[in-house]
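# Examination of the molecular architecture
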Amino acid sequence: MNRATIRTTHGDADAAAAIAAAVRPDNTEEMTTRVEDDAVVTDIERPTTGGLQSTADDYVVNLQVAAQLTTTNTPQS
């Protein structure tokens with residue numbers, strides 16, 4: 001089994017929680033997403049290297065969109 005862990009930090013726990021909630025519905029059975037402090041951590045397992053790469057690539061795109069939307073929609077003080 002091929003494995004990867006993708007960890008991104010987002011400045012605070014609330015932003016990380018919002019981003020994790022946004023990407024979690026796209027997880028496959030081989031993926032788990034959690035929040036650790038200000039980080040979103042996703043573990044991916046796939047039987048092939050190509051499958052792992054494809055899943056990681058798709059996840060990173062989804063993560064970028066979620067982070068942009070969360071940052072864009074955060075109320076300013």
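These notes cover the structure that comes with them. Bear in mind the structure is a predicted one, so any value in this text is a computation, not a measurement.

### Overview of unusual backbone geometry
Phi at Asp37 is positive, roughly 55°, even though this residue is not glycine. Mapped onto the elements of the fold, Asp37 is located in the loop between β2 (31-36) and β3 (39-46). Residue classification places Asp37 among the exposed residues on the basis of a relative accessible area of 66%.

### Topic: the environment of Thr48
Among the secondary structure elements, Thr48 is positioned in the loop between β3 and α2 (49-72). Residues Thr48 and Arg3 lie 45 residues apart in sequence; the distance between their C-alpha atoms is 9.5 Å.

The rules behind each value
- Residues numbered from 1 in each chain as written.
- Predicted model: local features only at pLDDT ≥ 70, side-chain atom pairs only at ≥ 80, totals over all residues.
- Heavy atoms only, no water.
- Helix = DSSP H or I, 4+ residues; strand = E, 2+ residues; numbered from the N terminus.
- Buried < 20%, exposed > 50% of the residue type's maximum accessible area, 1.4 Å probe, protein only.

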